[in-house]
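# Report on the structure
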Amino acid sequence: MEYLSDRVKSLSVSQTLAMAQKSRELKAKGIDIISLGLGEPDFNTPDYIKEAAKKAIDENYSKYPPVPGYADLREAISRKFKVENGVTYSPDQIIVSAGAKHSLINVILSIVNPGDEVIILAPYWVSYYDQVIFAEGKPVVIGAKIENDFKIRPEQLEAAITNKTRLIIFNSPSNPTGMVYDRNEIEKIARVVGKHEGVFIISDEIYEHIIFTGEHVSLASFDFIYDRVITVNGVSKGYAMTGWRIGYIGAPLWIAKACNKLQGQFTSGVCSIAQRASLAALQGNGDSQRIMKAAFLRRRDLICGLLKEVKGIKVRIPQGAFYVMPDISFYFGKTDGETKITNSDELALYLLDKAQVATVGGDAFGAPECLRISYATSDDLLIEAVKRIKGALGKLR
Ligand code: PMP
Ligand code: GLU
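Residues numbered from 1 in each chain as written. Chains lettered and ligands numbered in written order. Predicted model: local features only at pLDDT ≥ 70, side-chain atom pairs only at ≥ 80, totals over all residues. Heavy atoms only, no water.

## Re the overall build of the chain
When helices and strands are counted, the chain shows 13 helices and twelve strands. On C-alpha atoms alone, the chain measures out to a radius of gyration of 21 Å, which is about the 21 Å that the 2.2 N^0.38 rule sets for 397 residues. In terms of overall dimensions, the chain has a C-alpha envelope of 60 × 55 × 55 Å along the principal axes. The 397 residues of the chain split such that 55% are buried. Sequence separation of 24 or more characterises 74% of the internal contacts of the chain that already satisfy a separation of 6 or more. With the model as given, the accessible surface of the chain reaches about 17300 Å², and the carbon-plus-sulfur share is 52%. With 49 positive and 46 negative side-chain charges, the chain shows a spacing of 1 Å between the two charge centroids. (Helix = DSSP H or I, 4+ residues; strand = E, 2+ residues; numbered from the N terminus. Rg over C-alpha atoms; globule rule 2.2 N^0.38 Å. Buried < 20%, exposed > 50% of the residue type's maximum accessible area, 1.4 Å probe, protein only. Contact = heavy atoms within 4.5 Å. Areas by Shrake-Rupley, 256 points an atom, 1.4 Å probe, with all protein chains shown as cover. Lys, Arg positive; Asp, Glu negative; His and termini not counted. Charge placed at Lys NZ, Arg CZ, Asp CG, Glu CD.)

Right under this line is the structure:
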């Protein structure tokens, strides 16, 4: 007999991680799966970062680190915010956590009470929704479709805010769409938030270094809402360090203090070696990031060009991150004589089964007519993957 808590029962399984697990299992059976499911850079962590971690082990960074993170790491993050984002966060406004995912749940648990409304902009990254549910908040999803470049209009946001709204979760460059809000669009969103006292906004900027057109604009750089923004970031994507598990926030002091208190009871300060490696990452000269970005840009052009040739697929060219989110609803209701496709999850499973290509259905991202493709893999595999997808889709009538 199992006696699971209602809290755990209310959570769904992360679809990105579930798909990753499924493709790992198939690969272990010897099936030649091309993984375009999980969103992580295919590059190895740059050598200068690995060297710093080895040195940290030799220098005996083996004791409990301070709960909010090492002081020099928080100073480096504070400098990074100033130089790269034009935002002033003192080190005590910065909390280092076990990945941005951990930073996000810390913030949500710190400011959302049961029944508080949290506005999530669809298509959204999978874990936002479930983290809000876990905190017993009420997710209020407002959405934009491919026709609007997946970007919500400020009036939509205004209309969704009620006297129960406590938080908005914003993410640019976006996972899953790769869309980037420009300065003007971000300022308009900031103006809406600015009008509503007691409404806070998380700005998840984890893909800030992977941006191909225009500039990355930090929401907190607009002074008039600085004290209502929680900036979330981390080293996973920009430095190819997904496995090291380091994320961080810059936030109003009272929110940082609350996150510190949470970590003091849940995790303590996070992995000492990974923190030292992250310090080295932030102190680097940016060369490895430029190389990775150039590769992502080349792959974006490659995969978008190939996808555009596939019948029934609508694509918008992403300006950042390493995802593309085609609308594949043309295939709903079609069958290959064996499997009938009625939604995007079924299409993702069909592609896994018939084309041996792993993607993630759009449902988990609040985009049921789309499919998420992560193109952080080699050019050759991308070419082969789209060839297989085209073949499998071609059998659907
Ligand atoms: N935010 C977004 C938008 C993401 O795509 C991810 C996952 N890659 C995260 C946060 C969490 O990143 P991590 O926990 O690896 O720092
Ligand atoms: N964020 C990545 C993704 O969207 C990694 C998986 C996860 O953390 O959920 O695929």
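## Structural notes on the site of ligand 1
The local shell around ligand 1 holds 13 residues, among which Ala100, Asn175, Asp204, Tyr207 and Lys237 are the closest. In the environment of ligand 1, an oxygen atom lies 2.7 Å from a nitrogen or oxygen atom belonging to the side chain of Arg245. Bound to the protein, ligand 1 loses 94% of the 400 Å² it would expose on its own. Its residues placed into classes, the shell around ligand 1 shows five nonpolar, four polar and four charged. (Near = heavy atom within 4 Å. Polar contact = N/O pair within 3.5 Å; in protein donor to acceptor, adjacent residues only side chain to side chain. Nonpolar A, V, L, I, M, F, W, Y, C, P; charged D, E, K, R; others polar.)

## Some thoughts on the sheet that holds strand β12 (residues 371-374)
One key point about sheets: their strands pair by backbone hydrogen bonds, in either a parallel or an antiparallel sense. Pairing in this open sheet of three strands is antiparallel, and the strands run β9-β12-β11 from one edge to the other. At either margin of the open sheet sits one strand with a lone partner, and together these are β9 (323-324) and β11 (360-361). The pairing of β9 with β12 spans two bridges and is classified as antiparallel. Residue Val324 lies in a different strand from β12, and its bridge partner there is Ile373. (Pairing = 2+ DSSP bridges.)

## Details of the site of ligand 2
Near ligand 2 you find Ser14, Thr16, Leu17, Leu38, Gly39, Lys101, Trp125, Asn175, Lys237, Tyr323 and Arg372, and these make up its full shell. Note that an oxygen atom of ligand 2 is positioned 2.9 Å from one of the side-chain N or O atoms of Asn175. Bound to the protein, ligand 2 loses 88% of the 280 Å² it would expose on its own. In terms of residue class, the shell around ligand 2 is built from four nonpolar, four polar and three charged.

## Re the sheet that holds strand β6 (residues 200-204)
Pairing is mixed in the open sheet, where seven strands are placed in the order β2-β8-β7-β6-β5-β3-β4. Here the strands that pair on one side only, and so sit at the sheet edges, are β2 (94-97) and β4 (138-143). Direction aside, the axes of adjacent strands within the sheet are offset by 20° on average. Pairing geometry for strand β3 (residues 117-122) and strand β5 (residues 165-171), over four bridges, is parallel. Directly across from Ile119, in β5, lies its bridge partner Ile168. In the packing of helix α4 (residues 71-85) onto the sheet, the strands contacted are β2, β7 (229-234) and β8 (247-250), and the crossing angle to β2 comes to about 115°. Docked against the sheet, helix α6 (residues 126-134) engages β3, β4, β5 and β6, running at close to 155° with respect to β4. (Axes fitted to C-alpha atoms, helices over the stretch in contact; angles between N-to-C directions.)

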